[in-house]
There are 2 protein chains.
Amino acid sequence: MTEATAKPSAKLKLLDAAMSVIRIKGFSATSVDELCAAAGVTKGAFFHHFKSKDELGVAAADHWSETTSAMFAKAPYHDHADPFERVLAYVALRKDLLAGSLPEFTCVVGTMVQETYETSPAIRDACDRSISAHAETLEADIEAAMRDRHLRPEWTAKSLALHTQVVLQGAFILAKAKGGAEIAAESVDHLSRYLTLLFSPPKVERQS
Amino acid sequence: MTEATAKPSAKLKLLDAAMSVIRIKGFSATSVDELCAAAGVTKGAFFHHFKSKDELGVAAADHWSETTSAMFAKAPYHDHADPFERVLAYVALRKDLLAGSLPEFTCVVGTMVQETYETSPAIRDACDRSISAHAETLEADIEAAMRDRHLRPEWTAKSLALHTQVVLQGAFILAKAKGGAEIAAESVDHLSRYLTLLFSPPKVERQS
């Protein structure tokens, strides 16, 4: 982000600009000219790095994956000793992240795939990789929690991990529709409650 | 839908075309020319009915609300005697509707709001009205089920009704990312399981 380095990368500036602009107005409404203006680079620089806007879209999804996965890898929810507590703490973090303005907390790849799934298979696949790889980071903890609690359910750790992303993506849509995060936060609470119910042995009295 | 009537409405043709085209490529990528071509009407007819593409967007959201609410009002899930069974049967219907091609089963207003929430407040509000009014149709049944089961939970019927829409909207995004409905259907199963857990008295042994 610093301008002081000898060679600030035009590519990185374009990718960071894409993160912002796509979250504000979507992928289709974002022109190459706007991306260049937001990044402060020339159109020549754009086409030096990307053959097309679609290629930028794929790179934006990959960039999103890299930056967010680095953030989640370092987050303190991993520090809980109990795997189920790690899963719950991940969900609590996702609720905490529903802060600031809508473009700040909504999802680049969820937005892009909504518009491009039929028209750009390469972008769709990059968005799928991003969402699915993130969901996979939860699977080991879910599986460990299932073993700890001797659960042998009809659902899989993979399907539950993806379901957390379904709830988050849907929560972003309701946040956008409502112009605020309140309902989204309540949905994340429902997700947390679901996880707690799933992982609570049915015959033990609950503490609520 | 018939061409045999004396005056097929150009407005209705445009709205029906918008339902199809927006679900395929999103709102921003859809041009007025494309809508006219898909509807088989002139650009003059378009601007006779709509001052702008945004005005068409608002009308498309309202049209979506009208057509889908008529369909849901007539659906047989209302026939169950038990209100909780009605809620579960609604969710089962939503799972059954995850059939055919992605543009056939995904949501016009969920797609539009994703792209336009910052740039077109009128479309955003129309999308919110559509999603929220549909969620409201579930509230009375959820409330009756809460009374039947003597639940006094920390969540409200309204928040749970909106959560069902969050899961569905998120499921559509995962369906688009994956190019198919399998994960979406599993998420609707998770929603159904959550509802069952919420409405099951905790100390009664479950039948699973």
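Keep in mind that what you see is a predicted model, and the values were worked out from it rather than measured.

(A) Inspection of the overall build of chain A at higher detail. Of regular secondary structure, chain A possesses 10 helices and 0 strands. Reading the secondary structure of chain A in the N-to-C direction produces α-α-α-α-α-α-α-α-α-α. For chain A, the C-alpha atoms occupy an extent of roughly 65 × 35 × 30 Å along the three principal directions. Within chain A, contacts between residues separated by at least 24 positions form 64% of all contacts whose residues are at least 6 apart in sequence.

(B) The environment of B:Ser20, seen in detail. Residue and element names in this part refer to chain B. Here Ser-20 shows up in helix 1 (residues 10–25). In this structure the C-alpha to C-alpha distance between Ser-20 and Glu-104, which are 84 residues apart in sequence, comes to 7.7 Å. Here Ser-20 is in contact with Ala-38 and Pro-103, once residues within four sequence places are set aside.

(C) Just the interface of chain B and chain A, in detail. In this assembly, 47 residues from chain B lie in contact with 47 residues from chain A. Put simply, the parts of the chain that give the side of chain B that touches chain A at least two residues each are helix 1, helix 6 (102–105), helix 7 (108–116), helix 8 (121–148), helix 9 (157–178) and helix 10 (182–198) of chain B. Ranked by residues supplied to the side of chain B that touches chain A, first place goes to helix 9 of chain B with 16 residues. Residues of the side of chain B that touches chain A, tallied by class, amount to 22 nonpolar, 14 polar and 11 charged.

(D) Summary view of the relation of the copies chain B and chain A. After a rotation of 180 degrees and a shift along the axis of 0.0 Å, chain B superposes on chain A with an RMSD of 0.0 Å. Within this description, the copies of the chain are treated as partners about a two-fold rotation axis. Among all residues of chain B, the minimum C-alpha distance to the rotation axis is found for B:Gly170, at 1.9 Å. Of the interface residues in chain B, 100% have counterparts in chain A that sit at the interface too, so the contact is made through matching surfaces.

(E) Inspection of helix 10 of chain B at higher detail. Here helix 10 of chain B spans 25 Å end to end across 17 residues, near enough to the 24 Å set by a 1.5 Å rise per residue. Among the residues of helix 10 of chain B, those classed as buried are B:Ile183, B:Ala184, B:Glu186, B:Ser187, B:Val188, B:His190, B:Leu191, B:Tyr194, B:Leu195 and B:Leu198. Packed against the buried residues of helix 10 of chain B are helix 9 (157–178) and helix 10 (182–199) of chain A together with helix 5 (83–96) and helix 9 of chain B.

(F) Region of interest: the environment of A:Ala157. All names here are of chain A. Inspection of the secondary structure puts Ala-157 in helix 9. Under the C-beta neighbour-count criterion, Ala-157 is labelled buried, with 21 such atoms within 10 Å. Along the sequence, Ala-157 and Glu-139 sit 18 residues apart, while their C-alpha atoms lie 5.5 Å from each other. The residues contacting Ala-157, other than those within four sequence positions of it, are Glu-139, Ile-142, Glu-143 and Met-146.

(G) Representation of the confidence of the model for chain A. Per-residue confidence for chain A gives a mean pLDDT of 94; residues scoring 70 or more make up 92%. The ipTM, which scores confidence in the relative placement of chains, is 0.93 for this predicted complex, and the corresponding pTM is 0.94.

(H) Quick peek at the packing of helix 1 (residues 10–25) of chain A against helix 2 (residues 32–39) of chain A. Residues and elements named next belong to chain A. Put simply, helix 1 and helix 2 touch, their axes get as near as 8 Å, and they point 110 degrees apart. As the angle between them shows, helix 1 and helix 2 are arranged roughly perpendicular. Like other packed secondary-structure pairs, helix 1 and helix 2 cross with a definite hand, here right-handed. In contact with Lys-13, Leu-14, Ala-17, Ala-18, Ser-20 and Val-21 of helix 1, helix 2 contributes Glu-34, Leu-35, Ala-38 and Ala-39. Considering only residue class, the contact of helix 1 with helix 2 consists of 7 nonpolar, 1 polar and 2 charged.

(I) Expanded view of helix 9 of chain B. Residue and element names in this part refer to chain B. The end-to-end C-alpha separation of helix 9 is 31 Å, in line with the 32 Å expected for 22 residues at 1.5 Å each. Counting buried residues along helix 9, 21 of its 22 residues qualify, which places the element largely inside the surrounding structure. Looking at the residues trailing helix 9, positive phi occurs at Gly-179, about 70 degrees.

(J) Region of interest: unusual backbone geometry. Residue A:His150 is not a glycine yet carries a positive backbone phi of 55 degrees. As for its placement among the helices and strands, A:His150 is situated in the loop between helix 8 (121–148) and helix 9.

(K) How the structure looks around the packing of helix 7 (residues 108–116) of chain A against helix 8 of chain A. Residue and element names in this part refer to chain A. Orientation of helix 7 relative to helix 8, taken along the N-to-C sense of each, is 145 degrees, at an axis distance of 9 Å. You can see that helix 7 and helix 8 cross each other, and the crossing is left-handed. Residues Val-109, Met-112, Val-113 and Thr-116 of helix 7 lie in contact with helix 8, whose contacting residues are Ile-123, Arg-124, Cys-127, Ser-130 and Ile-131. Partitioned by chemical class, the residues of the contact of helix 7 with helix 8 number 6 nonpolar, 2 polar and 1 charged.

(L) Here's a closer look at the nonpolar core. Counting 120 residues, the largest nonpolar core has A:Ala61, A:Leu174, B:Ala61 and B:Leu174 as its most contacted members. Apart from residues no more than four positions distant in its own chain, B:Leu174 is found in contact with A:Ile131, A:Leu162, A:Gln165, A:Val166, A:Gln169, B:Ile183, B:Ala184 and B:Ser187.

Calculation rules
- Residues numbered from 1 in each chain as written.
- Chains lettered and ligands numbered in written order.
- Predicted model: local features only at pLDDT ≥ 70, side-chain atom pairs only at ≥ 80, totals over all residues.
- Helix = DSSP H or I, 4+ residues; strand = E, 2+ residues; numbered from the N terminus.
- Contact = placed C-beta atoms within 7 Å.
- Nonpolar A, V, L, I, M, F, W, Y, C, P; charged D, E, K, R; others polar.
- Least-squares fit on C-alpha atoms with pLDDT ≥ 70 in both.
- Expected span 1.5 Å × (residues − 1).
- Buried ≥ 20, exposed ≤ 12 C-beta atoms within 10 Å, placed from the backbone.
- pLDDT = per-residue confidence, 0-100.
- Axes fitted to C-alpha atoms, helices over the stretch in contact; angles between N-to-C directions.
- Parallel < 35°, antiparallel > 145°, perpendicular 65-115°, else oblique.
- Left-handed = near helix turned anticlockwise from the far one by under 90°.
- Core = buried A, V, L, I, M, F, W, Y, C linked by C-beta atoms within 7 Å.

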